[in-house]
Structures are given as structure tokens and as C-alpha cells.
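# Observations on the model geometry
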Amino acid sequence: MNVGQRIEKIKNWILDYCESMPTKPNCLVIGVSGGIDSAVTSTICALTDMKTSVLSMPIKQIKTQDELGKSHCDWLKEKFKNIEVKNISLDGVFDQFQNALADYKGEHAYANSRARIRMTTLYQVAGSSNGIVVGTGNKVEDFGVGFYTKYGDGGVDISPIADCTKTQIWEMGKELKILDEIIKAEPTDGLWLDGRTDASQLGMTYQELEEAMKDSKNKNHKKYLEIRNKNLHKMNPIPVCKMDD
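All of the points below concern the structure found in this document. Because the structure is predicted, anything quoted here is derived from the model rather than measured. Counting starts from 1 at the beginning of each chain's written sequence and moves along it residue by residue. pLDDT decides what is reported in this predicted model: residues at 70 or higher carry local features, side-chain atom pairs at 80 or more are listed and counted, and totals for whole chains, interfaces and linings draw on all residues regardless. Side-chain numbers come from the whole structure's heavy atoms, not from hydrogens or water.

## Focus: the nonpolar core
Worth spelling out the cut-off: We define a nonpolar core as any set of buried Ala, Val, Leu, Ile, Met, Phe, Trp, Tyr and Cys residues linked to one another through side-chain atoms lying within 4.5 Å. Only protein chains enter the area calculation, which uses a 1.4 Å probe; residues under 20% of their type maximum are buried, those over 50% are exposed, and those in between are partly exposed. Strands are runs of DSSP state E lasting at least two residues, helices are runs of H or I lasting at least four, and both sets are numbered from the N terminus onward. The contact criterion used is simple: two residues touch if any of their non-hydrogen atoms lie within 4.5 Å.
Ile14, Leu28, Val40, Ile44, Met172, Ile178 and Leu209 are the most contacted members of the largest nonpolar core, which totals 44 residues. Elements with a minimum of two residues in this core: α1 (3–20), β1 (27–31), α2 (36–47), α3 (63–79), α6 (166–175), α7 (180–184), α9 (206–214) and α10 (221–235). It is α2 that contributes the most residues to this core, 6 residues altogether. Beyond its immediate stretch of four places on either side in the chain, Leu209 contacts Val140, Val145, Leu202, Met204 and Tyr224. The next biggest cluster of nonpolar side chains, apart from the first, holds 13 residues, and it includes Cys27, Phe94, Tyr110 and Leu122.

Below, the structure written as C-alpha cells:
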């Protein structure tokens, strides 16, 4: 399908899902980071004409990352009447979290905790207004190599772009006329004080990952599988101890 058809399909899928719920949600709630995934997803949510609450949730954020997210929020508000923007600084929450757990430090653990604090914030907003939390995970990073935080950005109600590759998301971003600086920005999860990119953490670019996923003979396929296997615990159902009786 072409780019326009893909966008229309996702929009209609969101609407159909909401209509199928026992109680139709009043709004769609989504976190905006300044990255292409959340920019595309939030824009498609806005296209549904449902009330869409977009949350900017900086936690000790690098200024340029925070500014990209807020620029997208401003762009959405100018373009759509059904957009509600919430800028919620979580610096103080995270400070208290670190102080309370001062005996349990760990850079990687802190990065994951940031994502989980944001998830909790999204669900508080959604729960206060009969909304649902919309995920921004794509086929490559979330459902290919599991590059997300368990019960963090992986904790959502629906995943509209989960079957779209990063390339397809960049194409949709251009079609939706999303801010050029967001389309061109180096992908990053925004969870580290040093601003490290996704590629530096994964050791591969998204283009390389896509090629490795599609072709078992690709030079990077083995590396792709290594990353994927390490993170399968996030994608598989929670292990349950089954009883015989």
C-alpha cells in the first residue's frame, strides 16, 4: 500500500478499536518525545478527530530533545482543534525517586525508571479522563530487537505503528508534513544524561536492522538475532508456573 493508504488504515484501526471497547474512551493519550515515532503516531491520533492528549514529560532532559518535543506539540495544536497539550516536568518526581533509592544506584536502571515514571504519568492522565494510552513502538526497535523498557514505554493499551518499519514511519512523517528537524533528528530514547543515540546503544542503525531482519543471509543478521534473543523476555508472555490439578 502507498503512504497515504497506510496512514488511513492506522487511523481507521484506532477508531475501530475504540468503537469495539465496552465503554468507548473519551480520549487518546500519548507521550511526545521529539522523535519521529511519537510525532507520526500523535499526528495520526489527531486525524481521528477524537480528543487527543499529548504529553511532554521531560526528566532531566537535554534541552534540544525537550525543545523538539515541545515544537511538535505546538505544531499539533496549530493544526488540529482536538489536541490538548500537557507539559509535565517530572524532574522533581525523579529527584525524590533517586533520593528514596539512594542505596540502589545504577545508570541503566535509572534510564529504565525514567521510562516507567513516564508510563505511570500517561496512565494517570488516561485514567482521570476515561482515556487509553497509545504506544509509539515500531516493528524494528520494539518488536524486532525489543529495544524498549519493560513496563515503561512498552506499557500501553494499543500499538498503532507496531507493524511499520522505521523507513515506513519516516515516509509517513514526510507525508504528514511533520517538522523537518524531527524527521532528520538522530533517533534517541531520551533516557540518558549524555544524550546517547539508539544506534550507539544497539551498535547498528535502523536501516541496518531492517535489512538484517528481512534477509537471513545479511551480514548483520546474526547480530540482529543476538540483540533480539537478549530481549525476548520483554516480548514473550510472562512465564507462569502451571499446576497439574
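## Some points on the layout of surface pockets
The cut-off we apply is this: With a 1 Å grid laid over protein atoms only, a set of points is called a cavity when a 1.4 Å probe fits there but cannot get out and a pocket when it is open yet has protein on both sides within 12 Å along at least five of seven lines; lining residues have an atom within 4 Å of a point. Grid points are joined across faces, edges and corners, and a volume is the space filled by probe spheres set on the points. When residue character is reported, Ala, Val, Leu, Ile, Met, Phe, Trp, Tyr, Cys and Pro are called nonpolar, Asp, Glu, Lys and Arg charged, and the others, Gly included, polar.
Looking at the second largest pocket, its volume works out to about 210 Å³. Surrounding the second largest pocket, Met1, Arg6, Lys9, Ile10, Trp13, Ser159, Pro160, Ile161, Ala162, Asp163 and Cys164 form its lining. For the lining of the second largest pocket, the class distribution of residues is 7 nonpolar, 1 polar and 3 charged.

## Some points on the sheet that holds β1
For the record, the criterion: When DSSP locates at least two bridges between a pair of strands, those strands are taken to pair. For helices, the fitted axis covers only the stretch in contact; all axes are lines through C-alpha atoms, and the angles between them, taken along N-to-C directions, range from 0 to 180 degrees.
Judged by pairing direction, the sheet is parallel, and its 4 strands sit side by side in the order β3-β2-β1-β4 without closing on themselves. Lying at the two open borders of the sheet, with one neighbouring strand each, are β3 (83–87) and β4 (131–133). Neighbour-to-neighbour, the strand axes of this sheet turn through a mean angle of 25°, independent of strand direction. In terms of strand pairing, β1 meets β4 through 3 bridges, oriented parallel. Its bridge partner being in β4, Val29 is matched across the sheet by Val133.

## Concerning unusual backbone geometry
The backbone phi angle of Asp49 is positive, close to 75°, even though this residue is not glycine. Position of Asp49 among the secondary structure elements: in the loop between α2 and β2 (51–56). A residue is classified by how much of its surface remains accessible, and Asp49, at 66% relative accessible area, is exposed. In this model, Tyr151 sits at a positive phi of 60°, which is unusual for a non-glycine residue. Considering the arrangement of structural elements, one finds Tyr151 in the loop between β4 and α6. Owing to a relative accessible area of 46%, Tyr151 belongs among the partly exposed residues under this scheme.

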